Amino acid sequence: MATCAILAEELSRRFDGRLAVDRLSLAVYEGEVFGFLGPNGAGKTTTVRMLAGLIAPTSGRALIAGVDVVAEPQRVRSLVGVLTESPGLYEKLSVWQNLQFYADLYGLAPSTPQIERYLRLFDLWERRFDPVSALSKGMKQKLALARSLLHDPKVLFLDEPTAGLDPEAAKTVRDLIAALSQERRTIFLCTHNLHEAEQLCDRIGLIKQRLLKVGTPHQLKRELYGHQIVVDLKKPLESLDSQLNLPFVKGLRVEQTRLVIELENPQEQNPLLVRRLVELGAEIQFVREADRSLEDVYLQLVREESL
Amino acid sequence: MRRVWVVVLKEWREALKGGKLLWVGTVALPVILLGISVYMMLSVGDLSALEDEDLKMVLHTLFSVFLLYFMLFPMIIPNAISVYAIMSEKEQKSLEPLLATPLQTWELFLAKVLSAVIPAVVITWATFGVFVLIVGQMLPAGLWEIVWRDFGIAALVTLVLFAPLASVFVTMTSMAIATRTSDARSAQLLSSFVVLPIALWALVSIYQNALLQPANLVGVSLLLLGLNIVLLKIAVRLFRREEILTRWR
Ligand SMILES: Nc1ncnc2c1ncn2[C@@H]1O[C@H](COP(=O)(O)OP(=O)(O)OP(=O)(O)O)[C@@H](O)[C@H]1O
Ligand SMILES: [Mg+2]
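Owing to the predicted nature of the structure, the values given are computational and were not obtained by experimental measurement. (Residues numbered from 1 in each chain as written. Chains lettered and ligands numbered in written order. Predicted model: local features only at pLDDT ≥ 70, side-chain atom pairs only at ≥ 80, totals over all residues. Heavy atoms only, no water.)

A. Local environment of the pattern of salt bridges. Summed over all chains, the structure comprises 24 salt bridges over all chains. For aspartate 232 of chain A, the salt bridge goes to arginine 258 of chain A, with nearest N and O atoms at 2.9 Å. Highlighted residues: aspartate 232 of chain A in strand 11 (residues 228-233) and arginine 258 of chain A in strand 13 (residues 258-263), separated in sequence by 26 residues. Of the residues examined, arginine 258 of chain A reaches a relative accessible area of 33% and is grouped as partly exposed. Notably, a salt bridge pairs lysine 112 of chain B with glutamate 89 of chain B, separated by 3.0 Å at the nearest N-O pair. Separated by 23 residues along the polypeptide, lysine 112 of chain B in helix 5 (residues 105-138) and glutamate 89 of chain B in helix 3 (residues 52-92) bring together distant segments of the chain. (Salt bridge = Lys/Arg side-chain N within 4 Å of Asp/Glu carboxyl O. Helix = DSSP H or I, 4+ residues; strand = E, 2+ residues; numbered from the N terminus. Buried < 20%, exposed > 50% of the residue type's maximum accessible area, 1.4 Å probe, protein only.)

B. Summary view of the interface of chain B and chain A. With 28 residues of chain B at the interface, the matching set in chain A holds 28 residues. When the two sides are added together, the surface that chain B and chain A hide from each other amounts to roughly 2,700 Å², 58% of it contributed by carbon and sulfur. Among the residues chain B hides against chain A, the three largest losses belong to Glu96, Pro102 and Glu242 of chain B. Together they make up 20% of the total. The interface formed by chain B and chain A holds one salt bridge in total. Across the pair glutamate 96 of chain B and arginine 49 of chain A runs a salt bridge, and its minimum N-O distance is 2.8 Å. Taken together, the links from chain B to chain A amount to 10 residue pairs in polar contact (both at pLDDT 80 or more). Those elements that place two or more of their residues in the side of chain B that touches chain A are helix 1 (2-16), helix 3, helix 4 (95-99) and helix 9 (241-247) of chain B. (Contact = heavy atoms within 4.5 Å. Buried area = accessible area lost by both parts, 1.4 Å probe. Polar contact = N/O pair within 3.5 Å; in protein donor to acceptor, adjacent residues only side chain to side chain.)

C. Geometry of the packing of helix 5 of chain B against helix 6 (residues 143-180) of chain B. Residues and elements named next belong to chain B. Helix 6 packs onto helix 5 with a crossing angle of 155° between their chain directions and a minimal axis gap of 9 Å. Viewed along their axes, helix 5 and helix 6 adopt a mutual orientation that is roughly antiparallel. Between helix 5 and helix 6 lies a crossing of right-handed hand. Across the interface between the two elements, Phe109, Lys112, Val113, Ala116, Val117, Val121, Thr124, Trp125, Phe128, Val132, Val135 and Gly136 of helix 5 pack against Trp144, Ala155, Leu159, Val160, Pro164, Ser167, Val168, Thr171, Met172, Met175, Ala176 and Thr179 of helix 6. Of the residues belonging to the contact of helix 5 with helix 6, the class tally is 18 nonpolar, five polar and one charged. (Axes fitted to C-alpha atoms, helices over the stretch in contact; angles between N-to-C directions. Parallel < 35°, antiparallel > 145°, perpendicular 65-115°, else oblique. Left-handed = near helix turned anticlockwise from the far one by under 90°. Nonpolar A, V, L, I, M, F, W, Y, C, P; charged D, E, K, R; others polar.)

Shown next as structure tokens:
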């Protein structure tokens, strides 16, 4: 069995009576990129803070690489790297001084090559003597990311790492995340960018106080939309709704030459459906599984939850 | 303890780029202090005309006041700096990434206190040195020996032991309060108008009673050291990481 880098059991957090995170149970395996999605105020940041040993849970427990976050928060903090929601850099200090300060805090060797490595990686090397206040928002974000990587953490919490970055910088960060996961680092990624989550994450968790769903992006889509198929016709069919007349068709949407049909069991029922359509005079070009984006899954789940 | 110094050095680096506030503390205040003491010396008039007994009394009164001055000095300077040190972390939102490192609460707290107290003490010593030089020139020959005999040890104990410890005490108290108040402005007000006056009053009355017996002064200083350790523990309890992270936004 793969080792658990992050294990949460019934983790809850209350703020002045309001429940921010409700009995979250979760296992993230070593080397996994785990995406954490949810609407604003869903409890993502609160979860990261609990898992990184920054704030204590109201109840429940969590282990990071086997270390209990409540019993040994300091050890947890030395194991993990956290990219916080806002970069929180020292504006008056230079780029270099900011990183050097954190390198010293983690007790890295005074001449650690890590600082130069990340500054070059993020294209900040030329700006290393500039005060942070002179950097753009995206540069600050990259610097904060470099800061969270300095001590080579095995588990990395990234709270919206690409928010505010230009497409190129966002890609640098995404490539870096992919490269880090190649090094068997565990990455816990909070994001609002569904495309990014789909691209990067091995598994995704949807949270809205409670953990709504966990699975690979493929599983999530399959689970919700696996029963939909799309049929493309050469030309539109007249009054299909009334003529189709098959008991197993659960839903039908006609978009000119495209039919989106919901079935109970596509594997068994597709042949029957196709035969019937041909009988009705359809000239079929393609039949395929509905290709839904993660966005649809996300929106549907979040909406269901608020009903 | 290593991490404490790392944070102290960071504080100083930041302060060096800080501008006006820094200059007020490090240059303007010592100059004012020196000016007042020298003015007091001048206004006493010609000391050589006084009889032995009167002279002794005048010198005692004068130098008690001077010492008190130099004792208070390191307590007042850090007040502005220490609240600012927490306020700037708050404004830059830099506390969360900082607290995400293995840095412990007491280390952070002690670092903030020391980074304010150490410069204050050093400035006090430097100012005192200049004061001694000036007054040494102003006093008629022979009098300086008397002053040194009566006040030398007390001055040493005051500057090396009592004043730094008292400064830590006051600074730590106002910082502990600053971490519990949700906004920096009320923290500043509370520490300037409540904590500082009360602490100053208490310390001054203790100090005045102990002044002329260096042994008492050492005793009081040790007591203050113990008190500081207890206070650090209390401050760490009061400094709830959580509230800082979640309330200060
Ligand atoms: N210190 C606090 N005091 C009171 N409520 C809080 C506090 N911190 C967070 N909350 C509440 O907890 C809930 C979850 O907040 P959290 O910041 O974890 O959400 P999030 O998923 O990170 O949202 P976003 O996508 O906007 O970053 C919100 O309702 C928020 O108002
Ligand atoms: Mg958040």
